[in-house]
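Coordinates in review
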Amino acid sequence: MNPLGGPEGGRAPMSASVQQICRYPVKGLHGETLEQVTLTAGQGLPDDRRYAVAYGLGTGARPGFFQLTEEERLAQLRVAYDPEGPTLTISRQGRQVVTADPSDMTGRMLLNQFFAGFLMGSPRGTPSFQDSEESGRAEALPNPISIINLASLRDFERVARQPVDPRRFRGNLLVDGLPAWREFTWLDREIRIGSARLKIVERIERCAATNVNPDTAERDMNIPLTLRKGFGHIDMGVYAEVVDGGTVNTGDEVAEI
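Let me begin by describing the structure that accompanies this report.

What counts, and where the lines are drawn
- Residues numbered from 1 in each chain as written.
- Predicted model: local features only at pLDDT ≥ 70, side-chain atom pairs only at ≥ 80, totals over all residues.
- Heavy atoms only, no water.
- Buried < 20%, exposed > 50% of the residue type's maximum accessible area, 1.4 Å probe, protein only.
- Helix = DSSP H or I, 4+ residues; strand = E, 2+ residues; numbered from the N terminus.
- Contact = heavy atoms within 4.5 Å.
- Polar contact = N/O pair within 3.5 Å; in protein donor to acceptor, adjacent residues only side chain to side chain.
- Core = buried A, V, L, I, M, F, W, Y, C linked by side-chain atoms within 4.5 Å.
- Pairing = 2+ DSSP bridges.
- Axes fitted to C-alpha atoms, helices over the stretch in contact; angles between N-to-C directions.
- Salt bridge = Lys/Arg side-chain N within 4 Å of Asp/Glu carboxyl O.
- Parallel < 35°, antiparallel > 145°, perpendicular 65-115°, else oblique.
- Nonpolar A, V, L, I, M, F, W, Y, C, P; charged D, E, K, R; others polar.

Let's shift gears to helix H4 (residues 150-160). Along H4, the residues classified as buried are Leu150, Ala151, Ser152, Leu153, Asp155, Phe156 and Ala160. The inward-facing, buried residues of H4 contact strand S1 (16-23), strand S10 (145-149), strand S11 (173-176), helix H5 (223-231) and strand S14 (235-244). Capping the start of H4, Asn149 holds a side-chain oxygen 3.0 Å from the backbone nitrogen of Ala151, two or three residues further along. Positive phi shows up at Arg161, right after H4, with a value of about 60°.

See below:
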């Protein structure tokens with residue numbers, strides 16, 4: 001077994017590019033696709049995991065966040081976010097169920113009412129819609145940029161013997177044109193994407209949230225177990241920190257430095 005995770009982990013010439021840019025305005029909910037994003041040194045992808053639905057507030061303990069690991073029904077929801085408003089729109093089964101300004105009291109009340117009804121019966125208690133910028137992002141929701149190598153995903157599909165939707169892994173930048181598992185050789189190294197420079201800091205361990213089908217909201221796979229059996233680890237993708245800011249577009253080249 002290749003220690004990098006698959007048979008194509010060695011060094012080779014590469015011509016890789018960004019296939020998709022995604023942000024996830026609300027932690028645990030579906031993301032949205034962007035054509036372009038401007039990255040800033042020391043920060044994550046703008047407005048990614050900006051909001052979250054918390055529980056346990058006021059108990060004296062550190063609050064937790066509703067996410068797919070425990071609440072797979074969240075996969076039923078779709079999100080559209082306009083930062084200029086700001087306006088957050090949540091849809092279910094193709095129908096808008098709430099549109100609100102998450103920055104004002106009335107908008108937050110509407111969002112709290114929606115999630116209270118949608119998550120009714122959860123053992124985690126009453127949901128509270130939160131802006132992570134207000135509570136200190138670094139402590140509440142660390143926000144590195146996640147990169148998924150689509151060739152690694154295809155190699156995983158070979159082992160899983162079925163198609164695997166990349167949305168299960170909630171990556172910010174989906175890249176193609178690399179050998180499978182090449183991204184694991186980038187640890188502590190830098191890459192350039194568009195006019196931005198990023199440092200790869202960590203492999204991403206995968207949890208039970210990836211088991212949830214993004215279309216049906218059902219747990220229909222065991223991704224961590226399949227990774228461990230097939231490759232000896234539970235990692236898919238890498239985290240990156242922005243060293244030099246710049247603009248990244250769909251189609252931009254990914255280059256090792």
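Let us look at the nonpolar core. Judged by nonpolar contacts, the single largest core of 40 residues is most densely connected at Ile147, Phe156, Ile193, Leu198 and Val248. When residues of this core are assigned to their parent elements, the largest contribution, five residues, is made by H4. Contact partners of Phe156, with chain neighbours within four places excluded, come to Val164, Met221, Ile223, Thr226, Leu227, Phe231 and Met236. Residues Leu29, Tyr81, Ile90 and Ala209 belong to the second largest nonpolar core, which totals 24 residues.

The strand order S5-S4-S9 describes an open sheet built from three strands, whose pairing is antiparallel. A single partner strand is all that each edge strand has here, and the edge strands are strand S5 (64-65) and strand S9 (128-131). In this sheet, S5 lies alongside strand S4 (residues 51-55) in antiparallel orientation, the contact comprising two bridges. Pairing of Tyr55 across the sheet is with Gly64, part of S5. Relative to the sheet, helix H1 (residues 105-118) contacts S4 and S9, its axis offset from that of S9 by approximately 135°.

Once that is clear, we can look at the pattern of salt bridges. All chains considered together, the criterion is met by 18 salt bridges. Measuring nitrogen to oxygen at the nearest pair gives 2.8 Å for the salt bridge that ties Asp48 to Arg49. Classification of Asp48 as buried rests on a relative accessible area of 0%. Taking the shortest distance from any N to any O, the salt bridge between Arg158 and Asp155 comes out at 2.7 Å.

A few words now on the pairing of S10. S10 sits mainly inside the fold: five of its five residues count as buried. Both S10 and S14 contribute to a ladder of three bridges, which runs antiparallel. When the bridges of S14 are listed, Ile147 appears paired with Val238. The sheet contact formed by S10 and S11 spans three bridges and is parallel. Following the sheet pairing, Ile148 is matched in S11 by Leu174.

Here H4 crosses H5 at 90°, and the two axes come no closer than 10 Å. One finds that H4 runs roughly perpendicular with respect to H5. Seen from H4, the contacting residues are Asp155, Phe156, Arg158, Val159 and Ala160; seen from H5, they are Ile223, Thr226, Leu227, Gly230 and Phe231. Here the contact of H4 with H5 is built from residues that sort into six nonpolar, two polar and two charged.

The quantities given are spatial measurements derived from coordinates; they are silent on function.
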